[in-house]
Amino acid sequence: MIGEYVTPGQAMGLVAQGGLAYVADGRGGLVILDVSQPSSPALRGSVALGGEVIDVDVDGGHAYLASPEVGLHVVDIHDPDAPQLLKSVSQPDGARAVAVAHGYAYVLSYSALRIYGIGDPANPVLVGSYGSQMLWDLEISGTYALLLDSLGLQVLDVSTPSAPQLVASIVTEGIGVSIAVWGDTVFVGTDDGVEVFDVADMHDPAPAGHYQTARTVEAISAGEDALFLALGTGGLEVVSRLALDSYEHVASFTMPSFASDVTKDGSLAFVTTLSDGVQVVDTAWTPGPQRDSLLRTVSISEAGKVVLGENVAFVSAFANGVSVVDLSEPTGAAVVATTKTPGVAQQIALEGHYLFVADGPSGLQVLDVSDPSAPSLLASHATADVTSVVVVSGGLAYLSVQNVGLEIVDVRNPAQPAHLGWYSLGDNLFPAVAVAGKHAYLSDIERNVHIVSVHDPASASRVSTFSVPGLVRSMVVQDGLAYINDDNKGLSIFDVSTPSAPVSAGYFGLSDVPQDLFVSQGLAFLALGPSGLRVLDVHDPTAITDVGRYSSKGHATGVAVRGTLTFLADLRAGLRLIRNCDEP
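Read on for a plain summary of the structure. None of the values given here were measured: they were computed from a predicted structure.

### What to know about the overall build of the protein chain
- Across its full length, the protein chain holds zero helices and 56 strands.
- With respect to the three principal axes, the spread of C-alpha positions in the protein chain is 90 × 50 × 35 Å.
- Within the span of the protein chain, comprising 584 residues, buried residues form 59% of the whole.
- Long-range contacts, defined as pairs at least 24 residues apart, comprise 42% of the intrachain contacts of the protein chain with a sequence gap of at least 6.
- Here the protein chain contributes 25 positive and 63 negative side-chain charges, whose respective centroids are spaced 5 Å apart.

Have a look at this one:
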């Protein structure tokens, strides 16, 4: 979000063109903003109107506004600094939407479409009407009016405005709320997403696709290759159009209050919010997955976690051991070796030419991967119980051992791992571990994170404990911040720059339980199980924003990032290579 202007009323509809935004501002009337400098919108002019106004369209030097209490208002906007009310046209059932085209104003109430000739905007003349029930929204496409009612889509031939004719209707699966048209495609926003219709033949509209959303689509702005969705309390969502029947989430933007309408002008999206006026969003770049995001999928059975070496990726695969993927040419990435381990390869860590495997009941396994195409088992270290997590830092391996706690193992000589010390949590341990400097971070089943001093591994000691919303699934600690995924479907960020006094710094709710986390350059990449990949901007932990996602049909379990590529381990599909945008 790059700019905002808080209007005096409740911003409910807008049109942006020519560096100006025309806002239907509830009881605030018509508000005209100068948005030529998007980061600092400024008031040009406003005019109070009778009752509330909830929709607006602009034609030439006039604005037409829909009022539920009055009907139609016509405002002269030739001078944006001094707009003047020209005419108010009363309708017995008011108006909820308006569109202007071909010299006519199409005004929609809950029960009728009325068509006014506006050759003289100061004296609109009613020339035709069409009665229906529970009408919600409308769009004009050529000589057709597309109406949305409680059952679905109605198509009217309005080539003769005095005699509109119904030529087609189609029932939508969800409850229709909003509508947009681009070319031969109609997009209907419903209570559970966007339904897409091919209207190349207006007399025979055909269902052509569906994009699901978490909240009702209050408004849609459609372009050639993207949709911009106002989702009420869900803010703004940007969606790529890959094909008529294929859509992919690009980014989400949180709004300060209920997002009621959206319009696109170039790379900018203007969003009306009921309590906070107009928000300006630059949608030219998002750091998450792009339109042509999926570069390659490498088949691996039961892919779990992924770590990156030089031109290779190592993927844990539970009972199938560890797979090595050659990345020297990403578009041709392929498995070049698979090594079975004695137990169940759950999590892995790479240091130098050695891969360390948390191998379940078989403890710690050390693989020599100096030749990635021919990994070899170098050493094993038995643990007291099932080992599910391994982190390697400074020649030491930190193991999460079931019913015991944290075991610290000296692996400076990888061929001879040696026990150094314990930090016991007993059966209170929940297997998530992170290490930064001389401190280890581990979680328990009571939704706590323990910060443990490992300055002397032989006598590790607790420094502090803090609570998080759920059971911890993964942690990353870097630059004095702890990033924590939990099964309460959220990302928590704590300031741990003073380990003895951790402080909550931010939180972001998620759609699914996160399985893994990778943090790089102010972005958090999350493997979200059935929801695929999510990318969050965490530069400011107090204002985390959703900047991208990749929706896979499998179950994302691990994630790593390098340069412009994200590597997503998927339990069902294998390793996905996903292209990211590299610069704003």
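Further notes follow.
### Observations regarding unusual backbone geometry
- For Met134, which is not a glycine, the phi torsion comes out positive at approximately 55°.
- The topology assignment puts Met134 in the loop between β13 (125-131) and β14 (135-141).
- In this structure Met134 comes out as partly exposed when scored by relative accessible area, which is 41%.
- A positive phi angle is found at Gln521, which is not glycine, with a value near 50°.
- In this fold, Gln521 is placed in the loop between β50 (516-520) and β51 (523-527).

### Structural notes on the packing of aromatic side chains
- In total, this model carries three aromatic pairs according to the counting rule given.
- Ring centres of Tyr110 and Trp136 lie 5.9 Å apart, and the angle between their planes is 90°; this geometry places the pair in the edge-to-face category. You can see Tyr110 sitting in the loop between β11 (104-108) and β12 (112-117) and its partner Trp136 sitting in strand β14, a full 26 residues away along the chain.
- Among the residues examined, Tyr110 registers a relative accessible area of 38% and is labelled partly exposed.

### Description of the sheet that holds strand β46 (residues 472-478)
- The strand order across the open sheet formed by four strands is β46-β47-β48-β49, and the pairing between neighbours is antiparallel. Looking at strand neighbours, the two that pair on one side only are β46 and β49 (503-509), the edges of this open sheet. With direction set aside, neighbouring strand axes in the sheet form an average angle of 15°.

### A word on the pattern of salt bridges
- What the rule picks out here adds up to six salt bridges.
- Note that Asp410 and Arg412 form a salt bridge whose closest N and O atoms lie 2.7 Å from each other.
- Judged by relative accessible area, which is 61%, Arg412 ranks as exposed.

### Structural notes on the pairing of strand β38 (residues 387-393)
- In terms of burial, β38 is a largely internal element, six of the seven residues being buried.
- Looking at chain direction, β38 and strand β39 (residues 396-401) are connected through six bridges and run antiparallel. By the bridge assignment for β39, Val391 is matched with Tyr398.
- Here β38 hands over to β39 after two residues, with Gly394 in that stretch at a positive phi of 60°.

### Observations regarding the sheet that holds strand β35 (residues 354-358)
- Read across the open sheet, the four strands follow the order β34-β35-β36-β37; overall the sheet is antiparallel. Whereas interior strands pair on both sides, the edge strands pair on one side only; in this sheet they are β34 (347-351) and β37 (376-381). Between one strand axis and the next, the sheet turns through 25° on average, direction left out of account.
- Sheet analysis places β34 next to β35, joined by five bridges and oriented antiparallel.

### Considering the environment of Pro83
- Tracing the backbone through its elements, the reader meets Pro83 in the loop between β8 (71-76) and β9 (84-90).
- We classify Pro83 as buried; its relative accessible area is 4%.
- Put simply, Pro83 and Arg44 are 39 residues apart on the chain and 9.4 Å apart in space, counted from C-alpha to C-alpha.
- Residues in contact with Pro83, not counting those within four places in the same chain, are Ile32, Gly45, Ser46, Val47, Val75, Asp76 and Ile77.

### Thoughts on the environment of Thr339
- Mapped onto the fold, Thr339 is located in strand β33 (residues 334-339).
- Judged by its relative accessible area of 12%, Thr339 is buried.
- With 35 residues separating them in the primary sequence, Thr339 and Ala374 have C-alpha atoms 8.5 Å apart.
- Residues within four places of Thr339 in sequence aside, it is in contact with Asn320, Gly321, Val322, Leu367 and Pro375.

### Let's talk about the environment of Leu491
- By the secondary structure assignment, Leu491 is in strand β48 (residues 490-495).
- For Leu491, a relative accessible area of 0% gives the class buried.
- Setting aside its immediate chain neighbours within four residues, Leu491 contacts Tyr483, Ile484, Asn485, Gly506, Tyr507, Phe508, Leu510, Leu517, Ala524, Leu526, Leu536 and Val538.

### Focus on the side chain of His381
- Its place among the elements puts His381 in strand β37.
- Of the residues examined, His381 reaches a relative accessible area of 10% and is grouped as buried.
- A distance of 2.9 Å separates a polar atom in the side chain of His381 from a polar atom in the side chain of Glu407.
- If we ignore the near neighbours within four places in the chain, the residues touching His381 are Ser362, Gly363, Leu364, Leu399, Glu407, Val409, Pro417 and His419.

### Digging into the nonpolar core
- If you look at the biggest cluster of nonpolar residues, it comprises 17 residues, and the most contacted ones within it are Ile300, Val306, Val325, Leu327, Phe567 and Leu575.
- At the level of secondary structure, the elements contributing two or more residues to this core comprise β30 (306-309), β31 (312-316), β55 (565-570) and β56 (574-580).
- Per-element accounting of this core gives the leading share, three residues, to β55.
- Counting residues in hydrophobic clusters, the runner-up holds 16 residues, among them Leu406, Ile408, Val435 and Ala440.

Definitions and limits used
- Residues numbered from 1 in each chain as written.
- Predicted model: local features only at pLDDT ≥ 70, side-chain atom pairs only at ≥ 80, totals over all residues.
- Heavy atoms only, no water.
- Helix = DSSP H or I, 4+ residues; strand = E, 2+ residues; numbered from the N terminus.
- Buried < 20%, exposed > 50% of the residue type's maximum accessible area, 1.4 Å probe, protein only.
- Contact = heavy atoms within 4.5 Å.
- Lys, Arg positive; Asp, Glu negative; His and termini not counted.
- Charge placed at Lys NZ, Arg CZ, Asp CG, Glu CD.
- Phe/Tyr/Trp six-rings, centres within 6.5 Å; stacked < 30°, edge-to-face > 60°.
- Pairing = 2+ DSSP bridges.
- Axes fitted to C-alpha atoms, helices over the stretch in contact; angles between N-to-C directions.
- Salt bridge = Lys/Arg side-chain N within 4 Å of Asp/Glu carboxyl O.
- Polar contact = N/O pair within 3.5 Å; in protein donor to acceptor, adjacent residues only side chain to side chain.
- Core = buried A, V, L, I, M, F, W, Y, C linked by side-chain atoms within 4.5 Å.

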